Amino acid sequence: ERNSSNELFKKGHLIDLDELMKKDEPPLTFPKTLEEFEYTFNEQGQLRHTTTGEAFVFNAREDLHRWNQKRYEALGEIVTQYVYELLEKKCNMTKVILPVDVTEEEPRSFIYLSADAMSNPAKLLVLIQGGGVVRAGQWARRLIINQDLDSGTQIPFITRAKEEGYGVMVLNPNENHLEVERPAKPTPLPSSEASDEPAEKRECKHDRESKKKRDFYEKYRNPQKESETEQIPIRENGSPEEHLLYVWDHFVSNAAARNVFIVAHSYGGLSLVELMCQREAQVKDRVCAVAMTDSVHNIWHQDASKSIQEWLQQHCRNWVSSPEPLDTPVEPMLPDCPRLSAGTERHELTSWRSFNSIFQFFSKALQTGDEYEESSNTVTTRSSHRTKHEHNHDD
């Protein structure tokens, strides 16, 4: 039986099945606003249908998985804009364009700063989300759509931080390139493969078989031909790691705050360890404490030095997905920061569930830091951290 199914595959019958499936697929055009989608966020911050009052339903059309997925993604884009609006109107954050010396023609990204982010002399909170589709101000799109704004956005963190006297920076590590429509002409490789390597070298990397599979998958995914796009990277912000380094160099390191605090979710934790490898002396000088939530960093794969590992052990905690009650110590996998249970087994919920614990951890770290500073009677000055920067082999 297995052979016969392979035969079917080779003869391309699955593609025929695909043709069949797309016949009844409605056009992939979706509303551009929440109102047109007939959804709204209620007072509890839950997304509800404007007439039925029901929660969002993914399977709006049975047996049309791809159409449902595209509809979900279209709603996700609207949610992204809605969260930006909340950051500006509800949290009074200011959008700052990156790169700082951007030209008219080039693609751009942005971050959000509270009014006192650069001038607050005491405390600065930096929020770094995980990877994927999420943009500035979000922890998880899925939570915003299916649960509520509190669990899925960074807004509770921003509000609490401001109440407790922190300046706030909201990063945007996944805004790495501009997608532009490509003129319609056959291209030898999908856009994601674009590189400066000679074609022969690329062919070696992807043997013909895997290319065939990829083409088949593309055809399966895109039976209604969507316009081809290519990606133009945003200068010095072409990856989450590059973005964090850029924001550190241009914003965090120039901020007045004596103590910097960082919350890093998932891939954000990896970017942070990468930043430490590049700017170790500066990070140690400025950062008081780091709260990771289900971070995917790996000190071995990332070649973190012994001194970085020791610093993480002292100044960092990682709240991980676990069936244990909140704050229960979880066996460390590697000799870096202590791991605590976030009180949930759902990866995307770890930041929201550890919310109170994180702020308590920061307060304690600040107290300890102040006591240490008084006892050793040292004062960290701007010039000392500049000198360190110059002698550090960062660049």
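Small disclaimer: the values here were computed from a predicted structure and weren't measured.

Novice: Before we move on, can you summarise the overall build of the chain with the specific residues and values?
Specialist: A count of helices and strands for the chain gives 16 helices and 13 strands. The buried share among the 395 residues of the chain stands at 44%. Contacts spanning at least 24 positions in sequence make up 72% of the contacts within the chain whose residues lie at least 6 apart. Of the accessible surface of the chain, which amounts to about 21500 Å², a share of 51% is contributed by carbon and sulfur atoms.

Novice: So, the sheet that holds strand S3 (residues 94–98): which residues are in play, and what are the values?
Specialist: Read across the sheet, nine strands follow the order S3-S4-S6-S5-S9-S10-S11-S13-S12 without closing on themselves; strand pairing throughout is mixed. The open sheet terminates on both sides in strands that have one partner only, identified here as S3 and strand S12 (329–330). The pairing of S3 with strand S4 (residues 109–113) spans five bridges and is antiparallel. Among the inter-strand pairings, Lys95 is bridged to a residue of S4, identified as Tyr112.

Novice: How would you summarise helix H7 (residues 155–163) if you had to cite specific residues and measurements?
Specialist: Inspection of H7 places Ile155, Pro156, Phe157, Ile158, Arg160 and Ala161 among the buried residues, and these make up the whole buried set. Gly165 lies just past H7 and shows a positive phi near 85 degrees.

Novice: Would you mind going over unusual backbone geometry in detail, with residue names and values included?
Specialist: Cis geometry is adopted by the peptide bond preceding Pro99, which originates at Leu98 and carries an omega value of -10 degrees. Within the secondary structure layout, Pro99 lies in the loop between S3 and S4. Not every positive phi belongs to a glycine, and Glu38 is a case in point at roughly 65 degrees. For Glu38, the location among the structural elements is in the loop between helix H3 (34–37) and strand S1 (39–41). Backbone geometry at Asp303 places phi at a positive 55 degrees, although glycine is not the residue there. If you trace the backbone, Asp303 turns up in the loop between strand S10 (287–293) and helix H13 (306–315).

Novice: Which residues make up the pattern of salt bridges, and what values go with them?
Specialist: Applying the stated rule across the entire model yields 13 salt bridges. The residue Asp249 makes a salt bridge to Arg279 at a minimum N-O spacing of 2.8 Å. Taken as a pair, Asp249 in helix H10 (residues 240–250) and Arg279 in the loop between helix H11 (267–278) and helix H12 (280–286) lie far apart in primary sequence, 30 residues in all. Of the residues examined, Arg279 reaches a relative accessible area of 4% and is grouped as buried. The partner of Glu280 in a salt bridge is Lys284, with the nearest N and O atoms 2.6 Å apart. Of this pair, Glu280 and Lys284 both sit in helix H12, four residues apart, which is roughly one turn of that helix. Among the residues examined, Glu280 registers a relative accessible area of 19% and is labelled buried. Owing to a relative accessible area of 31%, Lys284 belongs among the partly exposed residues under this scheme. Among the charged side chains, a salt-bridge network with shared partners connects Asp101, Glu106, Arg235 and Glu236.

Here is what the cut-offs are and how they apply
Residues numbered from 1 in each chain as written. Predicted model: local features only at pLDDT ≥ 70, side-chain atom pairs only at ≥ 80, totals over all residues. Heavy atoms only, no water. Helix = DSSP H or I, 4+ residues; strand = E, 2+ residues; numbered from the N terminus. Buried < 20%, exposed > 50% of the residue type's maximum accessible area, 1.4 Å probe, protein only. Contact = heavy atoms within 4.5 Å. Areas by Shrake-Rupley, 256 points an atom, 1.4 Å probe, with all protein chains shown as cover. Pairing = 2+ DSSP bridges. Salt bridge = Lys/Arg side-chain N within 4 Å of Asp/Glu carboxyl O.

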